[in-house]
Amino acid sequence: MKKLMMAGVLLLFMLTQTGVNAHAMELDVKATWLWNPWMIYSDEAGTLAFLESKEVNKVYVQIDEDIPVAVYQSFIEKAGASGMTIYALDGANDWVAPKGFTKQDRLMNWLSTYQQEALPAQKFTGVHLDVEPYLYSGWNTNRAATIKSYQSLLSKAATSTAAMNLPLEADMPFWFDEIAYKNTYGKGVLAEWVIANTDSVTLMAYRDSAAMITELVKNEVAYAEKYGKTVVVGVETGQTDEGNNISFFEEGEAFMNGELAKVSAYYSTAAGFGGVAIHHVDSWKTMKP
């Protein structure tokens, strides 16, 4: 009887630790956007070395059909050996235009063929969309229709990625929690809808202090916890004319790392927090220490 009790306690401990470790793995996400895939064509070794030196474990890699498939295959395989997962990245604001979905369809068709032909170690782990519908002209002229088009696009993407057995992620600005919708998808807050209908969201929380960032993303972290999802908090490293509090360009990498550590510590017990992301490889590489 005592042995059975001990076995039960051990099993409970193991299950508890599994849950803790699963969340710890999510908290350990350190992602980045690689918008220029030609750098893996011209300098695969250098690109991998940079990512490894920054302890990146997740990369959103832009899909460019002009790049030989073998380049993606090689990069994914080598990155995987270094502990990185690679997500297929694409998207543009005109994808929400009438018939703009055909561009997304083209991505999904390319990706489906790629996944079928690639070896297991060369396959993408998921899909990461960066559509930003608010940059499309219809956001100002007919916002309701543009929001609905965006929702339709993500719903269509979810069907496509499910058919490939791949998770779907999306970039989202922190202020979508202030945007309401009411249409055939129901009514509510757009941020909550996007989080509920994707596997993970990366928030463009472009501010240069932990205090501002933690405040900006609190609603999204709560939504993610509600739906059993995670949000990754993204920050900017490039030079911008949008204000001095947007990017870590001025402060440098050491300061950025300190602020990101504070954000991670603040949300360390929040199930909806999934880690951090740095935008993006090109500007990160030239960032001052």
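The name recorded for the chain in an unreviewed UniProt entry is Amidase, from Planococcus donghaensis MPA1U2.

Chemist: How would you explain the side chain of E253 if you had to name every residue and give the values?
Modeler: For E253, the position within the fold is in helix α11 (residues 253–266). On the basis of relative accessibility, which here comes to 13%, the residue E253 falls in the buried class. Those residues in contact with E253 that sit more than four places away from it in its chain are K54, W284, M287, K288 and P289.

Chemist: Account for the pairing of strand β9 (residues 230–236), with residues named and values stated.
Modeler: Most of β9 is tucked away, with seven of its seven residues classed as buried. Side chains T230, V232, G234 and E236 of β9 all project onto a buried face; the interleaved residues V231, V233 and V235 project onto the opposite face, where all are buried too. Bridge count for strand β8 (residues 200–204) against β9 is five bridges, and the pairing is parallel. The residue bridging L203 from the neighbouring strand is V233, located in β9. Examined bridge by bridge, β9 and strand β10 (residues 273–279) share six bridges and lie parallel to one another. Note on β10: the bridge partner recorded for V235 is I278.

Chemist: Explain the nonpolar core residue by residue, including any values.
Modeler: Ranked by internal contacts, the top residues of the largest apolar core, which has 88 residues, are Y72, I86, F124, L129 and F176. Ignoring sequence-local partners within four residues, the contact set of F176 consists of P133, Y134, W139, Y150, V189, L190 and A191.

Chemist: Please set out the pattern of salt bridges residue by residue, giving values where relevant.
Modeler: If the charged atoms of two oppositely charged side chains come close together, the side chains can form a pair. Under the counting rule described, the total for this entry stands at nine salt bridges. Between K54 and E253 there is a salt bridge; the shortest N-O distance is 3.0 Å. On the criterion of sequence distance, the pair formed by K54 in the loop between α3 (44–53) and β2 (58–62) and E253 in helix α11 is long-range, its members being 199 residues apart. In this structure, E169 engages K58 in a salt bridge whose closest nitrogen and oxygen atoms are separated by 2.5 Å. Here K58 lies in strand β2 and E169 lies in strand β5 (residues 168–173), a separation of 111 residues in the sequence. Here the two residues E169 and K58 agree in accessibility, since each one is buried.

Cut-offs used in this document
Residues numbered from 1 in each chain as written. Predicted model: local features only at pLDDT ≥ 70, side-chain atom pairs only at ≥ 80, totals over all residues. Heavy atoms only, no water. Helix = DSSP H or I, 4+ residues; strand = E, 2+ residues; numbered from the N terminus. Buried < 20%, exposed > 50% of the residue type's maximum accessible area, 1.4 Å probe, protein only. Contact = heavy atoms within 4.5 Å. Pairing = 2+ DSSP bridges. Core = buried A, V, L, I, M, F, W, Y, C linked by side-chain atoms within 4.5 Å. Salt bridge = Lys/Arg side-chain N within 4 Å of Asp/Glu carboxyl O.

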